[in-house]
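The chain contents come next:
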Amino acid sequence: MLVSNNSYVASKSFILNGIPGLERVHVWISLPFCTMYIISLVGNLGLVYLIHHEESLHRPMYFFLAMLSLIDLITCTTTLPNALCIFWFNLKEINFNACLAQMFFLHGFTGVESGVLMLMALDRYVAICYPLHYATILTNPIIAKAALATFLRGVLLMIPFPFLVKRLPFCQSNIISHTYCDHMSVVKLSCASIKINVIYGLMVALLIGVFDICCISVSYTMILRAVVSLSSADARQKAFSTCTAHISAIIITYVPAFFTFFTHRFGGHTVPPSLHIIVANLYLLLPPTLNPIVYGVKTKQIRDSVIKLFQGEKCTHIQDN
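Fair warning: this is a prediction, and the values are worked out from it, not measured in the lab. (Residues numbered from 1 in each chain as written. Predicted model: local features only at pLDDT ≥ 70, side-chain atom pairs only at ≥ 80, totals over all residues. Heavy atoms only, no water.)

## Comments concerning the environment of Gly46
In step 1: With respect to the helices and strands, the residue Gly46 is situated in helix α2 (residues 26–53).
In step 2: On the basis of relative accessible area, Gly46 is assigned to the partly exposed category, the value being 33%.
In step 3: In the structure, Gly46 is positioned 246 residues away from Pro292 in sequence and 8.7 Å away in space, judged by C-alpha atoms. (Helix = DSSP H or I, 4+ residues; strand = E, 2+ residues; numbered from the N terminus. Buried < 20%, exposed > 50% of the residue type's maximum accessible area, 1.4 Å probe, protein only.)

Structure follows, in structure tokens:
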């Protein structure tokens, strides 16, 4: 569906082409993607239920973890079902307004996710550097305000994106070589200058990604200084162990995110499109899939709560019989 004018933009659709060059193996590629999506649904919903159910997990660290799980569910659900429809049923057409909505939710909630990771780093900083004042500093009202501010920052900064895209004339192909509507993938189809889109995208990346990473880096620098100053090796080990799951979550989230960001803007001719699109999908799938597993393995309180929950259900089942 090629067009010679821009009238189709407001009323017709784009074509999501999946992973170019790998069309013959789309079904096989879909299998690990679908498996990871199912694991992410089960893992994150289970984690949110566990945190809600167990009073011992009603602490700031686990409230932030529940927020992270909910955001992970939203981001992967925004794109994965659409990708699976492309892989399985060759349903590639997406309405222009639906494309803009997908773009908004995708970028908005990935921005919120970055903010939650920053809040979790600040939580670890307070817990390790000011353990005696932890409960008085991170009260429920403070947590609610921090979560609301993070949500509003992510959403408000993304509102201009759909409008910036909608103003562009599209007089070339309407085929997007991707599995979802990413901002840069869409604007590259325009036959007008996209300088404003690129500048605003970089500005948002600085205000969210770079700012959050700087805050995380400062928090962990202070944590490292506090831990090193501890006299007991057991205390140092315990302090470090409380941070390993969060550090793993940061690596899982930011490494593919930065690869996707920089290849879109600076590596378009050196990185194969198929590799870029696969990593872009993994960027949305890996955190929801691995975060519940990492926190389940690395966090003793969560492991104990899972065992307690299953033992309680087992006892209830025995009593009912």
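## Considerations on α2
In step 1: For α2, which comprises 28 residues, the first-to-last C-alpha distance of 40 Å matches the rise-based estimate of 40 Å (1.5 Å per residue) to within 8%.
In step 2: Residues of α2 that are buried include every one of His26, Ile29, Ser30, Phe33, Cys34, Met36, Tyr37, Ser40, Asn44, Leu47, Leu50 and Ile51, and no others. (Expected span 1.5 Å × (residues − 1).)

## Comments concerning the state of the cysteines
In step 1: As enumerated under the stated definition, the model contains 2 disulfides in all.
In step 2: The disulfide that involves Cys99 links it to Cys181, with 2.0 Å between the sulfurs. Looking down the S-S bond of the Cys99 and Cys181 bridge, the torsion is -120 degrees, so its handedness is left-handed. Taken together, the residues Cys99 in helix α4 (residues 96–129) and Cys181 in the loop between β3 (175–176) and α8 (183–187) connect sequence positions 82 residues apart. You'll find Cys99 and Cys181 in the same group, each marked buried.
In step 3: Note that Cys171 is cross-linked by a disulfide to Cys191, the S-S spacing being 1.9 Å. With the S-S bond torsion at 140 degrees, the cross-link from Cys171 to Cys191 turns out right-handed. Linking Cys171 in the loop between α7 (160–166) and β3 with Cys191 in the loop between α8 and α9 (195–228), this pair joins segments that are 20 residues apart in sequence.
In step 4: The exposure class assigned to Cys191 is partly exposed, which follows from its relative accessible area of 34%.
In step 5: The cysteine Cys214 is free of any disulfide, with Cys215 supplying the nearest cysteine sulfur at 7.0 Å. (Disulfide = S-S within 2.5 Å.)

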